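Close look at the chain arrangement
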Amino acid sequence: MGRQMKIVNPYVETGTWLRGSFHNHTTNSDGWFPLETVYKMYGGYDFLGISDHDKITEHVSEREIPTVFEATEVSSPQTHMLLVKPPRSILENYSNEFTIENYQRFVDLTVENGGFAVLVHPNRYFSNFWNLEDMFKLENFLGVEVYNGDGNPEYDIAFDKWDALLSSGRKVWGFGNDDSHVYGQEKRAWNMVMAKENTNEAIVDAITKGNFYISTGYGFDGIQVDGNTIVVNLRSNELLDKMYKYVTFFGKDGQVLQETTGRIKQATYACKGDEGYVRIAVYLEGGYSAFSQPLFVE
Ligand SMILES: [Zn+2]
Ligand SMILES: [Zn+2]
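Looking at an unreviewed UniProt entry, one finds the protein named Phosphoesterase and attributed to Cohnella abietis.

1. A word on the domain arrangement of the protein
Partitioning the protein into structural domains gives domain 1 (16-214) and domain 2 (218-297). Spacing between the C-alpha centres of domain 1 and domain 2 amounts to 25 Å. Listed by partner, the interface residues are 16 residues for domain 1 and 18 residues for domain 2. Between domain 1 and domain 2 lies a buried interface of about 1,400 Å² when both sides are counted; carbon and sulfur atoms form 60% of it. If you sort the residues of domain 1 by the area they bury against domain 2, Asp163, Ser167 and Tyr213 come out on top, with a joint share of 35%. Where domain 1 touches domain 2, the interface holds 1 salt bridge. One salt bridge in this structure joins Arg279 and Asp163, with 2.9 Å as the shortest N-O distance. At the boundary of domain 1 and domain 2, one finds 9 residue pairs in polar contact (both at pLDDT 80 or more). Among the elements of the structure, α4 (159-167), β8 (173-177) and β10 (212-215) are those that each provide at least two residues to the side of domain 1 that touches domain 2. Sorting elements by how many residues they give to the side of domain 1 that touches domain 2 places α4 first, with 5 residues. Residues belonging to the side of domain 1 that touches domain 2 are distributed by class as follows: 10 nonpolar, 3 polar and 3 charged.

2. A closer look at the environment of Glu197
By secondary structure assignment, the location of Glu197 is in the loop between β9 (190-195) and α5 (200-209). The partly exposed category is assigned to Glu197, whose relative accessible area is 49%. In this structure, the C-alpha to C-alpha distance between Glu197 and Gly174, residues 23 residues apart in sequence, is 22 Å.

3. A look at the coordination of the zinc ion (ligand 1)
Protein-derived ligands of the zinc ion (ligand 1) are Glu73 (OE), His80 (ND1) and His121 (NE2), with the metal-ligand distances lying across 2.0 to 2.2 Å. Look at where the donors of the zinc ion (ligand 1) fall in the sequence and you get E-x6-H-x40-H. Taken as an interatomic distance, the gap from the zinc ion (ligand 1) to the zinc ion (ligand 2) is 3.4 Å; Glu73 donates to each of them. In this pair, Glu73 is assigned in strand β4 (residues 67-75) and His121 in the loop between β6 (116-119) and α3 (132-137), connecting sequence segments 48 residues apart. Given a relative accessible area of 0%, Glu73 falls into the buried group.

4. Quick notes on α4
With 7 of its 9 residues buried, α4 lies for the most part within the structure. Considered for burial, the residues of α4 that qualify are Phe159, Lys161, Trp162, Asp163, Leu165, Leu166 and Ser167. In this structure, the buried residues of α4 make contact with α3, β7 (143-148), β8, β16 (277-284), β17 (289-291) and β18 (295-297).

5. Examining the coordination of the zinc ion (ligand 2)
In this structure, His23 (NE2), His25 (NE2), Glu73 (OE) and Asp179 (OD) serve as the protein donors to the zinc ion (ligand 2), at separations of 2.0 to 2.2 Å. Each of the 4 donor atoms bound to the zinc ion (ligand 2) contributes to angles spanning 82 to 168°, and the resulting shape is irregular. Donor residues binding the zinc ion (ligand 2) come from one chain and are separated in sequence as H-x1-H-x47-E-x105-D. In this structure His25 comes out as buried when scored by relative accessible area, which is 1%.

Rules used throughout
Residues numbered from 1 in each chain as written. Chains lettered and ligands numbered in written order. Predicted model: local features only at pLDDT ≥ 70, side-chain atom pairs only at ≥ 80, totals over all residues. Heavy atoms only, no water. Domains from an automatic or database assignment. Contact = heavy atoms within 4.5 Å. Buried area = accessible area lost by both parts, 1.4 Å probe. Salt bridge = Lys/Arg side-chain N within 4 Å of Asp/Glu carboxyl O. Polar contact = N/O pair within 3.5 Å; in protein donor to acceptor, adjacent residues only side chain to side chain. Helix = DSSP H or I, 4+ residues; strand = E, 2+ residues; numbered from the N terminus. Nonpolar A, V, L, I, M, F, W, Y, C, P; charged D, E, K, R; others polar. Buried < 20%, exposed > 50% of the residue type's maximum accessible area, 1.4 Å probe, protein only. Donors = N, O, S within 2.8 Å, 3.2 Å for Na, K, Ca; no water. Tetrahedral: all angles 85-135°; square planar, octahedral: opposite > 155°, others 65-115°.

Given below as C-alpha coordinates:
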(Lines give C-alpha, C1' and ligand atoms only; values in the text may rest on other atoms or scores of the structure.)
(Ligands and ions follow the chains in the order given, each with its own letter.)
Protein backbone atom coordinates (compact mmCIF):
# COMPACT_ATOMS: atom_id res chain seq x y z
CA MET A 1 0.00 0.00 0.00
CA GLY A 2 1.16 3.50 -0.82
CA ARG A 3 1.31 6.45 1.48
CA GLN A 4 -2.02 7.39 2.98
CA MET A 5 -3.10 10.80 1.82
CA LYS A 6 -6.29 12.69 2.38
CA ILE A 7 -7.12 15.73 0.29
CA VAL A 8 -9.88 17.86 1.77
CA ASN A 9 -11.69 19.56 -1.09
CA PRO A 10 -14.10 22.38 -0.19
CA TYR A 11 -15.61 22.24 -3.71
CA VAL A 12 -17.63 19.06 -3.26
CA GLU A 13 -21.21 20.22 -2.82
CA THR A 14 -23.09 21.22 -5.93
CA GLY A 15 -25.35 24.20 -6.52
CA THR A 16 -25.23 27.39 -8.55
CA TRP A 17 -22.36 29.86 -8.80
CA LEU A 18 -23.47 33.15 -7.25
CA ARG A 19 -21.56 36.41 -7.51
CA GLY A 20 -21.20 38.96 -4.73
CA SER A 21 -19.13 41.25 -2.58
CA PHE A 22 -19.47 41.68 1.18
CA HIS A 23 -17.44 44.83 1.79
CA ASN A 24 -18.79 48.11 0.38
CA HIS A 25 -19.58 51.58 1.70
CA THR A 26 -22.35 54.15 1.32
CA THR A 27 -22.88 57.77 2.41
CA ASN A 28 -23.85 56.29 5.77
CA SER A 29 -20.08 56.30 6.40
CA ASP A 30 -17.39 57.52 3.98
CA GLY A 31 -18.81 56.23 0.69
CA TRP A 32 -19.74 58.79 -1.98
CA PHE A 33 -23.11 57.30 -2.91
CA PRO A 34 -26.35 56.55 -1.10
CA LEU A 35 -27.56 52.98 -0.75
CA GLU A 36 -29.92 53.07 -3.73
CA THR A 37 -27.09 54.18 -6.05
CA VAL A 38 -24.78 51.48 -4.69
CA TYR A 39 -27.47 48.88 -5.47
CA LYS A 40 -27.56 50.15 -9.07
CA MET A 41 -23.76 50.09 -9.34
CA TYR A 42 -23.95 46.41 -8.44
CA GLY A 43 -26.73 45.53 -10.87
CA GLY A 44 -26.42 41.89 -11.90
CA TYR A 45 -24.90 40.74 -8.62
CA ASP A 46 -26.61 37.85 -6.85
CA PHE A 47 -25.81 39.14 -3.39
CA LEU A 48 -24.31 42.23 -1.80
CA GLY A 49 -23.12 43.24 1.66
CA ILE A 50 -23.01 46.84 2.85
CA SER A 51 -20.39 47.38 5.53
CA ASP A 52 -20.25 50.99 6.64
CA HIS A 53 -17.64 51.85 9.26
CA ASP A 54 -18.82 51.10 12.81
CA LYS A 55 -22.47 51.11 11.67
CA ILE A 56 -25.02 48.65 10.38
CA THR A 57 -26.73 50.16 7.34
CA GLU A 58 -30.26 48.82 6.98
CA HIS A 59 -31.29 47.55 3.55
CA VAL A 60 -34.24 49.87 3.17
CA SER A 61 -33.95 51.15 -0.42
CA GLU A 62 -35.51 49.62 -3.50
CA ARG A 63 -33.26 47.10 -5.16
CA GLU A 64 -33.02 44.38 -7.76
CA ILE A 65 -30.19 42.45 -6.08
CA PRO A 66 -31.91 39.32 -4.74
CA THR A 67 -29.97 38.80 -1.51
CA VAL A 68 -28.41 41.41 0.73
CA PHE A 69 -26.35 41.13 3.89
CA GLU A 70 -26.20 43.45 6.83
CA ALA A 71 -22.56 43.97 7.70
CA THR A 72 -20.22 46.37 9.42
CA GLU A 73 -16.55 47.21 9.27
CA VAL A 74 -15.14 47.51 12.78
CA SER A 75 -12.72 50.35 12.18
CA SER A 76 -10.17 51.08 14.86
CA PRO A 77 -7.32 53.38 13.78
CA GLN A 78 -5.08 50.29 13.64
CA THR A 79 -7.03 47.44 12.06
CA HIS A 80 -10.28 46.85 10.24
CA MET A 81 -12.49 43.79 10.50
CA LEU A 82 -15.55 42.94 8.44
CA LEU A 83 -18.52 41.37 10.23
CA VAL A 84 -21.12 39.85 7.91
CA LYS A 85 -24.53 39.31 9.55
CA PRO A 86 -23.59 40.69 12.98
CA PRO A 87 -26.33 40.99 15.59
CA ARG A 88 -27.51 44.60 15.79
CA SER A 89 -26.95 44.38 19.55
CA ILE A 90 -23.18 44.75 19.03
CA LEU A 91 -23.79 48.48 18.57
CA GLU A 92 -24.92 48.84 22.18
CA ASN A 93 -22.02 50.31 24.21
CA TYR A 94 -20.00 49.98 21.01
CA SER A 95 -16.29 50.65 20.89
CA ASN A 96 -14.02 50.02 17.91
CA GLU A 97 -10.94 50.01 20.13
CA PHE A 98 -8.46 47.45 18.85
CA THR A 99 -7.79 44.91 21.53
CA ILE A 100 -7.83 41.20 20.83
CA GLU A 101 -10.48 40.87 23.54
CA ASN A 102 -12.80 43.46 21.96
CA TYR A 103 -12.37 42.17 18.41
CA GLN A 104 -12.71 38.55 19.56
CA ARG A 105 -16.00 39.42 21.22
CA PHE A 106 -17.31 40.85 17.92
CA VAL A 107 -16.18 37.74 16.04
CA ASP A 108 -17.85 35.39 18.50
CA LEU A 109 -21.15 37.33 18.66
CA THR A 110 -21.31 37.43 14.85
CA VAL A 111 -20.65 33.69 14.52
CA GLU A 112 -23.32 33.02 17.16
CA ASN A 113 -25.70 35.09 15.05
CA GLY A 114 -25.09 32.91 11.99
CA GLY A 115 -22.58 35.27 10.37
CA PHE A 116 -18.82 35.40 9.93
CA ALA A 117 -15.80 37.67 10.34
CA VAL A 118 -13.09 38.56 7.82
CA LEU A 119 -9.83 40.44 8.54
CA VAL A 120 -9.71 43.05 5.80
CA HIS A 121 -6.93 44.78 3.86
CA PRO A 122 -4.25 43.33 6.17
CA ASN A 123 -1.38 44.91 4.20
CA ARG A 124 -2.65 48.49 3.99
CA TYR A 125 0.50 49.75 5.69
CA PHE A 126 -0.21 53.45 5.17
CA SER A 127 -3.25 53.31 7.43
CA ASN A 128 -5.13 50.28 8.70
CA PHE A 129 -3.39 46.93 8.59
CA TRP A 130 -2.99 43.72 10.54
CA ASN A 131 0.17 42.53 12.23
CA LEU A 132 0.61 38.83 11.65
CA GLU A 133 0.99 38.23 15.39
CA ASP A 134 -2.43 39.79 16.06
CA MET A 135 -3.95 37.67 13.29
CA PHE A 136 -2.59 34.61 15.07
CA LYS A 137 -3.98 35.75 18.44
CA LEU A 138 -7.52 36.15 17.11
CA GLU A 139 -9.60 32.99 16.73
CA ASN A 140 -12.83 31.89 15.11
CA PHE A 141 -12.68 34.34 12.21
CA LEU A 142 -13.53 32.77 8.87
CA GLY A 143 -11.15 34.45 6.52
CA VAL A 144 -8.77 37.08 5.28
CA GLU A 145 -9.48 39.63 2.55
CA VAL A 146 -6.56 38.72 0.29
CA TYR A 147 -7.80 40.87 -2.59
CA ASN A 148 -9.19 44.32 -1.85
CA GLY A 149 -10.40 46.23 -4.90
CA ASP A 150 -9.41 49.66 -3.62
CA GLY A 151 -6.83 49.64 -6.36
CA ASN A 152 -3.34 49.84 -4.87
CA PRO A 153 -1.38 46.71 -5.74
CA GLU A 154 1.25 47.42 -3.07
CA TYR A 155 -1.30 47.44 -0.27
CA ASP A 156 -4.44 45.68 -1.38
CA ILE A 157 -3.29 42.11 -1.87
CA ALA A 158 -2.33 39.86 1.03
CA PHE A 159 -1.58 36.37 -0.18
CA ASP A 160 1.56 36.42 2.00
CA LYS A 161 -0.41 36.71 5.23
CA TRP A 162 -2.96 34.13 4.10
CA ASP A 163 -0.15 31.69 3.28
CA ALA A 164 1.43 32.37 6.69
CA LEU A 165 -1.82 31.50 8.49
CA LEU A 166 -2.46 28.46 6.31
CA SER A 167 1.12 27.22 6.69
CA SER A 168 0.75 27.25 10.47
CA GLY A 169 -2.34 25.06 10.17
CA ARG A 170 -5.04 27.73 10.45
CA LYS A 171 -8.00 26.91 8.23
CA VAL A 172 -9.09 30.31 6.95
CA TRP A 173 -10.60 31.21 3.59
CA GLY A 174 -9.54 33.95 1.19
CA PHE A 175 -12.02 36.69 0.25
CA GLY A 176 -12.12 39.26 -2.53
CA ASN A 177 -14.12 42.46 -2.08
CA ASP A 178 -14.29 45.86 -3.71
CA ASP A 179 -14.34 47.91 -0.50
CA SER A 180 -16.00 50.40 -2.85
CA HIS A 181 -16.23 54.02 -1.76
CA VAL A 182 -16.23 55.98 -5.02
CA TYR A 183 -17.38 55.52 -8.59
CA GLY A 184 -15.05 53.21 -10.51
CA GLN A 185 -14.28 50.91 -7.59
CA GLU A 186 -17.26 48.67 -8.20
CA LYS A 187 -17.06 45.17 -9.70
CA ARG A 188 -13.28 44.84 -9.44
CA ALA A 189 -13.06 41.86 -7.07
CA TRP A 190 -15.78 39.54 -5.84
CA ASN A 191 -16.59 36.09 -4.52
CA MET A 192 -18.13 33.30 -6.58
CA VAL A 193 -20.09 31.07 -4.21
CA MET A 194 -21.45 27.62 -5.04
CA ALA A 195 -24.69 27.76 -3.09
CA LYS A 196 -27.71 25.46 -2.99
CA GLU A 197 -29.99 28.46 -3.45
CA ASN A 198 -29.76 32.24 -3.38
CA THR A 199 -30.59 32.86 0.28
CA ASN A 200 -28.55 34.35 3.12
CA GLU A 201 -28.45 30.98 4.86
CA ALA A 202 -27.33 28.99 1.81
CA ILE A 203 -24.64 31.54 0.94
CA VAL A 204 -23.25 31.63 4.49
CA ASP A 205 -23.35 27.82 4.59
CA ALA A 206 -21.32 27.55 1.37
CA ILE A 207 -18.90 30.30 2.42
CA THR A 208 -18.33 28.64 5.79
CA LYS A 209 -17.44 25.39 4.02
CA GLY A 210 -15.07 27.20 1.65
CA ASN A 211 -17.18 26.44 -1.41
CA PHE A 212 -16.29 29.73 -3.13
CA TYR A 213 -13.42 31.44 -4.89
CA ILE A 214 -12.19 34.97 -5.52
CA SER A 215 -12.62 36.43 -8.99
CA THR A 216 -11.53 39.53 -10.84
CA GLY A 217 -13.18 38.33 -14.03
CA TYR A 218 -12.13 34.76 -14.72
CA GLY A 219 -13.17 31.60 -12.89
CA PHE A 220 -13.39 27.90 -12.24
CA ASP A 221 -16.19 25.63 -13.44
CA GLY A 222 -15.20 23.24 -10.66
CA ILE A 223 -12.33 21.70 -8.72
CA GLN A 224 -12.32 17.96 -8.11
CA VAL A 225 -10.06 15.41 -6.51
CA ASP A 226 -9.40 12.15 -8.32
CA GLY A 227 -7.25 9.85 -6.19
CA ASN A 228 -4.26 12.00 -5.29
CA THR A 229 -4.76 14.37 -8.22
CA ILE A 230 -6.40 17.78 -8.07
CA VAL A 231 -8.36 18.43 -11.26
CA VAL A 232 -9.04 22.11 -11.98
CA ASN A 233 -11.68 22.80 -14.60
CA LEU A 234 -11.28 26.36 -15.77
CA ARG A 235 -14.27 28.35 -16.87
CA SER A 236 -14.77 27.18 -20.39
CA ASN A 237 -16.70 28.13 -23.50
CA GLU A 238 -15.93 28.51 -27.18
CA LEU A 239 -14.41 31.98 -26.78
CA LEU A 240 -12.53 31.37 -23.52
CA ASP A 241 -11.06 28.11 -24.81
CA LYS A 242 -9.15 30.04 -27.50
CA MET A 243 -7.41 32.22 -24.90
CA TYR A 244 -4.11 31.61 -23.16
CA LYS A 245 -4.20 30.71 -19.43
CA TYR A 246 -1.61 30.76 -16.66
CA VAL A 247 -2.36 28.36 -13.81
CA THR A 248 -0.21 28.25 -10.67
CA PHE A 249 -0.50 25.67 -7.88
CA PHE A 250 0.75 27.08 -4.55
CA GLY A 251 1.62 25.08 -1.42
CA LYS A 252 2.86 25.68 2.10
CA ASP A 253 4.66 29.03 2.65
CA GLY A 254 3.43 30.18 -0.75
CA GLN A 255 5.82 27.84 -2.52
CA VAL A 256 5.10 27.38 -6.23
CA LEU A 257 4.41 23.67 -6.75
CA GLN A 258 3.60 23.73 -10.44
CA GLU A 259 2.78 26.08 -13.28
CA THR A 260 0.67 25.03 -16.22
CA THR A 261 0.07 27.30 -19.18
CA GLY A 262 -1.55 27.12 -22.57
CA ARG A 263 -4.86 27.41 -24.36
CA ILE A 264 -6.22 24.93 -21.86
CA LYS A 265 -9.49 24.35 -20.07
CA GLN A 266 -8.15 21.98 -17.43
CA ALA A 267 -5.04 21.75 -15.26
CA THR A 268 -4.10 18.90 -12.94
CA TYR A 269 -1.69 18.54 -10.06
CA ALA A 270 -0.60 15.22 -8.54
CA CYS A 271 -0.19 15.68 -4.78
CA LYS A 272 2.93 14.27 -3.16
CA GLY A 273 1.54 14.35 0.36
CA ASP A 274 3.78 16.95 2.00
CA GLU A 275 2.17 20.08 0.52
CA GLY A 276 0.14 20.97 3.60
CA TYR A 277 -2.33 22.64 1.31
CA VAL A 278 -2.69 23.42 -2.37
CA ARG A 279 -4.37 26.55 -3.68
CA ILE A 280 -4.78 27.54 -7.29
CA ALA A 281 -4.45 30.88 -9.06
CA VAL A 282 -5.41 31.30 -12.71
CA TYR A 283 -4.95 34.26 -15.04
CA LEU A 284 -6.56 34.63 -18.40
CA GLU A 285 -4.52 36.51 -20.99
CA GLY A 286 -5.43 40.13 -20.36
CA GLY A 287 -5.12 39.67 -16.62
CA TYR A 288 -8.55 38.55 -15.46
CA SER A 289 -8.03 36.15 -12.60
CA ALA A 290 -9.47 33.69 -10.11
CA PHE A 291 -8.05 32.37 -6.84
CA SER A 292 -9.24 29.15 -5.23
CA GLN A 293 -9.49 28.26 -1.58
CA PRO A 294 -6.88 25.83 -0.26
CA LEU A 295 -7.36 22.09 -0.51
CA PHE A 296 -5.74 20.68 2.61
CA VAL A 297 -3.44 17.70 2.10
CA GLU A 298 -3.36 15.57 5.23
ZN1 LIG B 1 -11.20 49.43 5.93
ZN1 LIG C 1 -14.00 49.33 3.92
